[in-house]
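# Geometric and topological summary
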Amino acid sequence: MIEKRRENRIACDLTVSVNLRDGFSGALLAGPAPARLHDVSTYGASLITPQIRFGNHHLFYSARDHHPNQVLFIEADAENGEVVSVPVRPIGFDRVLCDETMPFHIGVEFLPGTDRKEIGRLKKLAHEKRRSQKSWWRNFISKIWPPYESEEDEPS
């Protein structure tokens, strides 16, 4: 199958929470729901969650079709106790039958007009998580042997 994404995604296993709000700054309607950020790019991400329904709210349909004014947010704990909060629009979900603890996979896209700094911070957290999951050997080598930089990359 040919990959049709606009940009490669950063694979990770970052713990996040998912919240459903009434508008961008309105009341919390559902959540926080625990989730894992499976991968992320500049345009969107994929989440794995243990549940998809919260009372009368469905994380996919409520934020998409039934109530377009409801907004889904991905929130992650950053350094210094800050929270990275990014509004998203669900674009697809699937049930993963082989995983009983986190059976729902939700694909989301970042909403137009979202602060690019927040998306950048989320990508940075994902990248740091991925780096921390490398083997101790790779972490050791990357510290003592910096990546090769060509002369073309250096400013004149």
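Going by the structure above, here's the rest.
Now for a look at the structure at hand.

Cut-offs and rules
- Residues numbered from 1 in each chain as written.
- Predicted model: local features only at pLDDT ≥ 70, side-chain atom pairs only at ≥ 80, totals over all residues.
- Heavy atoms only, no water.
- Helix = DSSP H or I, 4+ residues; strand = E, 2+ residues; numbered from the N terminus.
- Polar contact = N/O pair within 3.5 Å; in protein donor to acceptor, adjacent residues only side chain to side chain.
- Contact = heavy atoms within 4.5 Å.
- Core = buried A, V, L, I, M, F, W, Y, C linked by side-chain atoms within 4.5 Å.
- Buried < 20%, exposed > 50% of the residue type's maximum accessible area, 1.4 Å probe, protein only.
- Pairing = 2+ DSSP bridges.

### Topic: the side chain of Asn19
Considering the arrangement of structural elements, one finds Asn19 in strand S1 (residues 10-22). In this structure the side chain of Asn19 is engaged in a polar contact, spanning 2.8 Å, whose partner is the side chain of Glu75. Those residues within four positions of Asn19 in sequence are excluded, and the remaining contacts are Leu28, Ala30, Gly31, Pro32, Ala33, Val71, Leu72, Phe73 and Glu75.

### Remarks on the nonpolar core
Taken as a class, soluble globular proteins show a tendency for nonpolar side chains to be buried jointly. With 31 residues, the main nonpolar core has Leu14, Val16, Leu37, Val40, Leu47, Phe110 and Leu122 as its most contacted residues. In terms of residues, this core owes the most to one element, S1, which gives six residues. Those residues in contact with Leu47, other than ones at most four positions away along the chain, are Val16, Val18, Arg36, Leu37, Ile74, Phe104, His105, Ile106 and Val108.

### So, the pairing of strand S3 (residues 44-49)
The element S3 is extensively covered by neighbouring structure, given that six of its six residues are classed as buried. Alternating positions in S3 separate into two faces, Gly44, Ser46 and Ile48 on one and Ala45, Leu47 and Thr49 on the other, with burial throughout. Where strand S2 (residues 28-40) and S3 come together, four bridges link them in antiparallel fashion. By the bridge assignment for S3, Asp39 is matched with Ser46. Linking S2 to S3, which pair antiparallel, is a turn of three residues.

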